[in-house]
Amino acid sequence: MSAIANTFMRRFVEFINTADETLGSELIANSAIFHVPNRSEPMQGLGGYLAIIGIMRSGFPDIQWTLEETIAEEDNLGAGNTRIAVRFTMRGTHHGDFFGVPATGKSISVQAVNFYRISDGKIVEERGQPELLSLMQQIGAVPVP
């Protein structure tokens, strides 16, 4: 299963790095929900995920995600359901407003750990946990102790 999960996540990384809507529609269920830090309500479907990518690209137009690690297991919800945990590195340059912080031109390299639930070959849920404190420190918005 890990080879299948790894292939699936590599396609997903291609989607988030390119925002290719056709590829996204192959990977994301219409009813998928995405739990995003700093939002009280989850985002939904392909449009919701494209909005998440848009938030990141508005501050870091050149942002790219690299898949570092993938762990997968069958979900106890039945056949065709998988849970996947991944670790990404996000890299980019702060060229736009991000959470109220104007562009600084500083480069970032930030880890993120995300958990996905896959059903019938599509993402139906994601919980993402990027290192936002580290990101804000790297762009100078929060002092480094």
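As shown above, the structure is provided for reference.
In what follows, the accompanying structure is described. (Residues numbered from 1 in each chain as written. Predicted model: local features only at pLDDT ≥ 70, side-chain atom pairs only at ≥ 80, totals over all residues. Heavy atoms only, no water.)

### Focus: the pattern of salt bridges
Note the following rule: A side-chain nitrogen of Lys or Arg and a carboxyl oxygen of Asp or Glu constitute a salt bridge if their distance falls within 4 Å. Think of it this way: any DSSP run of H or I at least four residues long counts as a helix, any run of E at least two long counts as a strand, and we number them from the N terminus. For each residue, the accessible area found with a 1.4 Å probe, counting protein chains only, is set against the maximum for its type, and the residue is called buried under 20%, exposed over 50%, and partly exposed in between.
Scanning all chains against the criterion turns up 4 salt bridges. For the salt bridge of E69 with R87, the shortest nitrogen-to-oxygen distance reads 3.2 Å. One end of the pair, E69, is in strand β3 (residues 64-74); the other, R87, is in strand β4 (residues 81-93), with 18 residues separating them in the sequence. On the basis of relative accessibility, which here comes to 30%, the residue R87 falls in the partly exposed class. E125 serves as the salt-bridge partner of R117, at 3.2 Å between the closest nitrogen and oxygen. Each of the salt bridges in this network shares a partner with another, and the network as a whole consists of R117, E125 and R127.

### A look at the sheet that holds β3
Basically, it comes down to this: Any two strands are treated as partners once DSSP identifies two or more bridges connecting them. Contacts are assigned to residue pairs with any non-hydrogen atoms lying within 4.5 Å of each other. Here an axis means a line fitted to C-alpha atoms, over the contact stretch when the element is a helix, while the angle between two N-to-C directions is reported on a 0 to 180 degree scale.
Taken in spatial order, the 6 strands line up as β2-β1-β6-β5-β4-β3 in an open sheet, and their pairing is mixed. Taken across any chain shown, the strands that pair with only one partner, and hence form the sheet edges, are β2 (43-44) and β3. In terms of strand pairing, β4 meets strand β5 (residues 107-119) through 13 bridges, oriented antiparallel. Looking at the pairing, A85 lines up with F115 of β5. Strands in contact with helix α1 (residues 2-18) are β1 (28-35), β3, β4, β5 and β6 (122-130); relative to β3, the strand with the most contacts, it is inclined by about 150 degrees.

### Considerations on the packing of aromatic side chains
In plain terms, the rule: Aromatic pairing here means that ring centres of Phe, Tyr or Trp (its six-membered ring) are within 6.5 Å. Orientation follows from the plane angle: under 30 degrees is stacked, over 60 is edge-to-face, and everything else is tilted.
Summed over all chains, the structure comprises 7 aromatic pairs. Centroid distance F12 to Y49: 5.3 Å. Interplanar angle 70 degrees. Geometry classified as edge-to-face. On the criterion of sequence distance, the pair formed by F12 in helix α1 and Y49 in helix α3 (residues 45-59) is long-range, its members being 37 residues apart. Summarising the burial analysis for this pair, F12 and Y49 share the class buried. Aromatic side chains F60 and F98 sit 5.1 Å apart centroid to centroid with 65 degrees between the ring planes, which places their arrangement in the edge-to-face category. Taken together, the residues span a long stretch of sequence, with F60 in the loop between α3 and β3 and F98 in the loop between β4 and β5 at a distance of 38 residues.

### What about the environment of V101?
The topology assignment puts V101 in the loop between β4 and β5. Of the residues examined, V101 reaches a relative accessible area of 14% and is grouped as buried. Linking V101 and G140, residues 39 residues apart in sequence, is a C-alpha distance of 8.8 Å. What V101 contacts, discounting residues up to four positions off in sequence, is H94, G96, M136, I139 and A141.

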